[in-house]
Amino acid sequence: MAKLSVDISNIFDFVSSKQVFAYKEELMRNQELLESKTGKGSDFLGWLNLPSSITDGELETINQVATDLRSKSDIVVVVGIGGSYLGAKAAIEALGNSFATILPNKENPIVLFAGQNICEDYHKELLELLDNKSYSIVVISKSGTTTEPAIAFRLLKQHLENKVGKVEAAQRIIAITDKSKGALRKLADQEGYRTFVISDDIGGRYSVLTPVGLLPIAIAGFNIQALINGAKEAEKNTGIDVRFDENPACIYAAARNALYRKGKNVEIMVNYTPKLHFLTEWWKQLYGESEGKENKGIFPAGVDFTSDLHSMGQYIQEGERILFETVLSIESPLKTLIIPNDPANLDQLNFLSGKRYSEVNRMAEQGTILAHIDGGVPSIKINIPELTPYWMGYTMYFFERACALSGYTLNVNPFDQPGVEEYKKNMFALLGKSGFEEKGKELRRRLGEF
Ligand code: PA5
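Residues numbered from 1 in each chain as written. Predicted model: local features only at pLDDT ≥ 70, side-chain atom pairs only at ≥ 80, totals over all residues. Heavy atoms only, no water.

Visitor: Would you explain a negative patch on the surface in this entry?
Guide: A contiguous patch of negative charge, built from E120, D121, E125, E128 and D131, is present on the exposed surface. Residue position: D121 is located in helix α6 (residues 120-130). (Patch = residues over 30% accessible without salt bridge, like charges linked within 9 Å, V, L, I, M, F, W, Y side chains within 5 Å. Areas by Shrake-Rupley, 256 points an atom, 1.4 Å probe, with all protein chains shown as cover. Salt bridge = Lys/Arg side-chain N within 4 Å of Asp/Glu carboxyl O. Lys, Arg positive; Asp, Glu negative; His and termini not counted. Charge placed at Lys NZ, Arg CZ, Asp CG, Glu CD. Helix = DSSP H or I, 4+ residues; strand = E, 2+ residues; numbered from the N terminus.)

Structure representation (structure tokens):
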């Protein structure tokens with residue numbers, strides 16, 4: 001059976017295997033903290049056994065709602081930000097056709113996103129597009145009070161109601177939120193929307209395997225049962241009973257912490273397929289929000305190779321030596337494309353004739369890893385068999401578990417995000433929200449308005 005594996009053989013010019021294995025006891029203790037729910041932030045561990053506890057009935061309900069929206073929509077707009085956006089976006093981009101939005105004879109509705117930014121042009125253009133489309137909305141906010149999705153939903157709700165009427169709009173809006181708290185819950189109850197609940201013990205960035213991720217992924221036409229099966233296998237293979245040296249989550253957590261201790265403060269997630277761009281974005285949020293606190297934490301960055309070898313490649317090869325990379329290596333592409341022979345051979349590339357595109361990509365990957373090691377950049381490799389729902393579920397759970405273990409190694413609470421509040425307070429103060437008057441005056445002074 002194929003499996004996800006973590007290859008750390010290319011970091012040993014920079015840290016010894018002894019230094020990596022020195023984390024063994026600590027990580028096994030962290031496993032216990034997770035399992036016994038006695039570590040920091042232990043009231044946010046609902047994600048830990050989610051794959052093995054989600055029932056067929058729950059998946060069936062999600063699939064039924066997805067089928068209903070699919071039957072009545074050319075487009076489904078998913079409204080959310082952060083953890084209420086990135087997981088679904090990552091999975092849909094990884095699993096879908098690269099040109100899904102412009103394919104003729106589309107089988108699946110197009111899933112678009114809103115409320116993940118506050119850009120006026122973006123949202124205006126979205127509404128203009130929706131003027132002539134049949135669409136539905138999935139609005140996701142755990143707190144139910146986040147400004148970005150709340151504004152976008154206000155716009156979209158009015159647009160949909162004007163287009164199809166209030167009664168039909170209520171049939172086309174699904175809310176995913178807290179079971180009892182927040183403005184979105186109140187609104188959903190008042191308007192009679194169908195809802196899914198985000199459980200209290202699951203934070204946004206760990207919520208991709210709840211309806212937050214699963215409903216949009218099912219709407220986009222992907223098999224969520226397979227995704228959960230992969231996550232379930234990952235739950236088993238990263239669990240407390242698995243030996244440290246056979247546990248990919250432990251090995252990854254140990255390797256990155258050993259590198260961090262050596263001054264490698266930036267981890268660059270590398271992919272060799274644009275389909276994984278948003279998996280990196282999801283990973284950046286997961287690791288950045290979980291570890292970046294108390295003036296600690298590896299800075300998570302991302303590049304898309306080979307595109308970014310022609311931009312960021314120079315810095316990675318020869319810039320400040322504070323970097324290590326983690327390469328997402330997909331073992332088998334799902335499609336086949338052979339490079340043709342050209343009798344004229346003006347580009348001198350006939351030595352590639354008959355080879356698969358993926359072989360060129362593989363050699364680019366292997367050559368780059370070696371060049372980076374020579375340039376002082378250690379390289380971790382995560383081998384993922386293929387980009388299917390099963391392996392997406394597996395990979396996402398693996399990263400969640402490794403993140404929690406790694407966060408405990410840094411002795412931080414990997415499940416809170418106190419720093420995120422600061423920009424919100426300033427934004428509210430500058431926008432004149434009641435209760436923020438004094439802060440507003442102070443900020444405007446600093447901005448030079450007084
Ligand atoms: O990980 C987190 O908790 C955050 O990124 C949230 O997901 C994000 O802020 C959105 O929050 P909410 O779902 O409450 O609107």
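Additional details are given in the paragraphs that follow.
Visitor: Please explain the nonpolar core as it appears in this structure.
Guide: Side chains that are nonpolar tend, in soluble globular proteins, to be buried together. Among the nonpolar cores identified, the biggest contains 97 residues, and W47, V138, L215, Y252, W282 and F399 are the most heavily contacted of them. Element by element, the count of residues in this core is highest for helix α16 (residues 389-409), at 13 residues. Both of domain 1 (5-41 + 228-409) and domain 2 (50-226) provide at least three residues apiece to this core. If we ignore the near neighbours within four places in the chain, the residues touching V138 are L69, V76, V77, V78, V79, I174, I176, L215 and I219. If you look at the next biggest cluster of nonpolar residues, it comprises 22 residues, including V77, L126, L127 and L156. (Core = buried A, V, L, I, M, F, W, Y, C linked by side-chain atoms within 4.5 Å. Buried < 20%, exposed > 50% of the residue type's maximum accessible area, 1.4 Å probe, protein only. Domains from an automatic or database assignment. Contact = heavy atoms within 4.5 Å.)

Visitor: Help me understand the domain arrangement of the protein chain, please; the structure alone is not making it clear to me.
Guide: Much of the literature gives interface size as the accessible area that the parts lose upon coming together. Entries for the protein chain in the domain assignment read domain 1 (5-41 + 228-409) and domain 2 (50-226). A straight line from the C-alpha centre of domain 1 to that of domain 2 covers 29 Å. Contacts between the two partners involve 28 residues from domain 1 and, on the opposite side, 29 residues from domain 2. Carbon and sulfur atoms make up 62% of the area that domain 1 and domain 2 hide from each other, which totals about 2,400 Å². Its largest share of buried area at the contact with domain 2, domain 1 owes to I228, K275 and F278, together 31% of the area lost on that side. Notably, a salt bridge pairs E289 with R205, separated by 3.0 Å at the nearest N-O pair. (Buried area = accessible area lost by both parts, 1.4 Å probe.)

Visitor: Quick question: what am I supposed to make of the site of the ligand here?
Guide: If you check the shell around the ligand, you find 13 residues, and the closest are S84, S141, S143, T146 and Q285. A distance of 2.6 Å separates an oxygen atom of the ligand from a polar side-chain atom of S141. Residue S143 places a side-chain N or O atom 2.7 Å away from an oxygen atom belonging to the ligand. Class assignment of the residues belonging to the shell around the ligand gives a composition of one nonpolar, nine polar and three charged. (Near = heavy atom within 4 Å. Polar contact = N/O pair within 3.5 Å; in protein donor to acceptor, adjacent residues only side chain to side chain. Nonpolar A, V, L, I, M, F, W, Y, C, P; charged D, E, K, R; others polar.)

Visitor: How do you make sense of helix α15 (residues 357-374) when you look at a structure like this?
Guide: One full turn of an α-helix is made of 3.6 residues, so residues set three or four places apart face in the same direction. The terminal C-alpha atoms of α15 lie 26 Å apart, and with 18 residues this matches the ideal 26 Å at 1.5 Å per residue to within 8%. Those residues of α15 that fall on the buried side of the exposure criterion are E365, T368, I369, H372 and I373. Along the axis of α15, the buried residues cluster in a sector spanning 135°; they form a single face. For α15, the exposed residues lying more than 90 degrees away from the buried face are L370 and D374. For α15, the elements touching its buried residues are α14 (313-318), β9 (323-330) and β10 (379-384). (Expected span 1.5 Å × (residues − 1). Arc of directions from axis to C-beta.)

Visitor: Help me out: how do you make sense of the pattern of salt bridges in this one?
Guide: Opposite charge on two side chains permits them to pair, given that their charged atoms come into close proximity. Here the structure, examined in full by the defined rule, presents 27 salt bridges. We note a salt bridge from R172 to E168, for which the minimum N-O separation is 2.8 Å. Under the relative-accessibility criterion, R172 is labelled buried at 10%. Measuring nitrogen to oxygen at the nearest pair gives 2.7 Å for the salt bridge that ties D416 to K293. Here D416 is found in the loop between α16 and α17 (421-431), whereas its partner K293 is found in the loop between α13 (277-291) and β8 (299-304), with 123 residues between them in sequence. Accessibility expressed as a relative area gives 25% for D416, which makes it partly exposed. Taken together, the shared-partner salt bridges connect K157, E161, K166 and E191 into one network.

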